[in-house]
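# Structure assessment
Okay, here's what each chain looks like letter by letter:
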Amino acid sequence: MSDEVAYFTNAETGYVPAKLAQRSSHLKPLRILQFVLQDVIPDVVKFIVCLIPLILNGLIGLIVAPKKKSIVGQTALVTGGGNGLGRALCLRLAQEGCNVAVVDIDMVGAQRTVTDVRKLGVKSEAFLADIANYEEVEKLRLAVEDALGPVDILVNNAGLLAILSITEGKPSDLQRILNVNLLSHFWTIRAFKPGMIHRHRGHIVAIASIAAHFPVGRFIPYTVTKYGVRALMESLNSELLMDGLQEELHTTCVYPALIATRQQFMDLLDKLNFLRRFYVFTPEQVASEVVKGILVNKREVFVPSILALFCKQFENLPSGLRHLAVCTALRGKLPSLNLKQS
């Protein structure tokens, strides 16, 4: 199979406009009836038949707790595993018996995480890689497989938190944020997913943000990347279903609220008076919820879980009402900070 992609571009003679079969402006009743009988009704019947087991499974899930899977002996790779949430995820996965590949550009932090993970009785190695670069991700895959074996659980956690708008910072800042926060997910999934399919086992986890549901100004590049991660994971989950792989490969997208990671960010939130109004979770609290979700193959994890209800409803509100809700929660507008935390 050729790797060449057939882009929809201009032909040698230029742009070729599409041609549709000639249609009548007046639809005949018989033609409409034929369409309903041949296309609409069969699809509706199929939908209802397929809906029944989903309803039954949902009802059973309300009564019976989902069965947890074992990940003992599996290899987990965590990007950005040297510090913060990434470090907490490495330790929590190790507590479940996983061998852990700690990937980071901060090798001091990565080695510290490896030391603590090994104390839990599992294997762990630190790997230096710029995950925004596909060639480095491919080299990373080979290095991890050689040291710890094939990756069973991929956790895309690394990200840059930037408090800037479109016209702030340098163009290279925006490019770096997009590459690390979003494009790197494409590269790691592209590198590790084929092996998971071949072994009929795998779990892909993405750490997004509540910003993927509650867009706020002053964080535009960051928010856009988290929306992108959300769309990527939704599309990936859909594709796995189309390919009949839903029982072999699982996805989990995580939407956490505020997390106490870098002190500089906490100082900024305190300056904006956020810490008095919003609960801030520890990395360990969020990591615990993420691993709980992995163990039951939960497709979405919200931290706190009650945010799931608000997020689903918030997106259905008129834009003016959404803006009013955000401004009320923030008690005004965020000032232009022109500051980057990485």
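Residues numbered from 1 in each chain as written. Predicted model: local features only at pLDDT ≥ 70, side-chain atom pairs only at ≥ 80, totals over all residues. Heavy atoms only, no water.

### Brief notes about the pairing of strand β8 (residues 300-303)
To keep things clear, this is the line we draw: Exposure is judged per residue with a 1.4 Å probe applied to protein chains only, and the accessible area is read against the type maximum: over 50% gives exposed, under 20% gives buried, and values in between give partly exposed. Only DSSP runs of H or I reaching four residues or more are called helices, and only runs of E reaching two or more are called strands; each is numbered from the N terminus. Two strands pair if DSSP finds at least two bridges between them.
Here β8 shows two buried faces, one formed by Glu-300 and Phe-302 and the other by Val-301 and Val-303. Direction of pairing for strand β7 (residues 249-256) relative to β8: parallel, over a ladder of four bridges. Bridging from a neighbouring strand, Tyr-255 pairs with Phe-302 of β8.

### Points about the side chain of Asn-99
As for its placement among the helices and strands, Asn-99 is situated in strand β2 (residues 99-104). What makes Asn-99 buried here is its relative accessible area of 12%.

### Some details on the pairing of strand β1 (residues 75-79)
What counts, and what does not: Whether a crossover is right-handed comes down to one check: with the strands pointing away from the viewer, does the path from the first strand over the helix to the second run clockwise; if it does, it is right-handed.
Within β1, five of the five residues are buried, which leaves the element mostly enclosed by the surrounding structure. By the alternation rule, side chains of β1 split into Thr-75, Leu-77 and Thr-79 and Ala-76 and Val-78, which are all buried. As paired strands, β1 and β2 are joined by five bridges and run parallel to one another. Bridge pairing in β2 links Thr-79 to Val-103. After leaving β1, the chain enters helix α2 (residues 84-95) and then returns to the sheet as β2, a path that is right-handed.

### Concerning the sheet that holds β1
Note the following rule: Helix axes are fitted only over the stretch in contact, all axes being lines through C-alpha atoms; the angle between N-to-C directions runs from 0 to 180 degrees. By the convention used here, residues are in contact when the closest approach between their heavy atoms is within 4.5 Å.
Read across the sheet, seven strands follow the order β3-β2-β1-β4-β6-β7-β8 without closing on themselves; strand pairing throughout is parallel. Taken across any chain shown, the strands that pair with only one partner, and hence form the sheet edges, are β3 (124-128) and β8. Sheet twist, expressed as the mean angle between neighbouring strand axes with direction ignored, is 15°. Along the sheet, helix α3 (residues 107-118) makes contact with β2 and β3, crossing β3 at roughly 170°. The sheet strands contacting helix α5 (residues 171-199) are β1, β4 (153-156), β6 (202-207) and β7, and the helix crosses β4 at an angle near 175°.

### Considering the UniProt feature "transmembrane region" (unreviewed entry) in the chain
Here is the rule: UniProt positions are given in the numbering used here, feature names are shortened, and annotations may be inferred rather than shown by experiment.
The sites that UniProt annotates as "transmembrane region" (unreviewed entry) are residues 44-65. Helix makes up 91% of residues 44-65 and strand makes up 0%, while its end C-alpha atoms are separated by 31 Å.

### So, the pattern of salt bridges
Worth spelling out the cut-off: One speaks of a salt bridge when a side-chain nitrogen belonging to Lys or Arg is within 4 Å of a carboxyl oxygen belonging to Asp or Glu.
In total, this model carries 14 salt bridges according to the counting rule given. A salt bridge links Arg-118 to Glu-125, with the shortest nitrogen-to-oxygen separation between them at 3.2 Å. You can call Glu-125 partly exposed: its relative accessible area is 32%. Measuring nitrogen to oxygen at the nearest pair gives 3.3 Å for the salt bridge that ties Glu-145 to Arg-141. Residue Glu-145 and its partner Arg-141 are located together in helix α4 (residues 134-147), separated by four residues, close to a single helical turn. We classify Glu-145 as partly exposed; its relative accessible area is 30%. Residue class for Arg-141 comes out buried when judged on its relative accessible area of 18%.

### Concerning α2
Stated precisely, the cut-off is as follows: One fewer than the residue count of a helix, multiplied by 1.5 Å, yields its expected span.
Between its first and last C-alpha, α2 extends 17 Å over 12 residues, near the 16 Å set by a 1.5 Å rise per residue. Tucked inside the fold, the buried residues of α2 contact β1, β2, α3, β4, β6 and α8 (283-295). Immediately beyond the C-terminal end of α2, within one or two residues, lies Gly-97, with a positive phi of roughly 95°.

### Description of the environment of Phe-214
Along the chain, the position of Phe-214 falls in the loop between β6 and α6 (220-242). Since its relative accessible area comes to 19%, Phe-214 is described here as buried. With 111 residues separating them in the primary sequence, Phe-214 and Ala-325 have C-alpha atoms 10.0 Å apart. With sequence-adjacent residues up to four places away left out, Phe-214 is seen in contact with Phe-310, Cys-311 and Phe-314.

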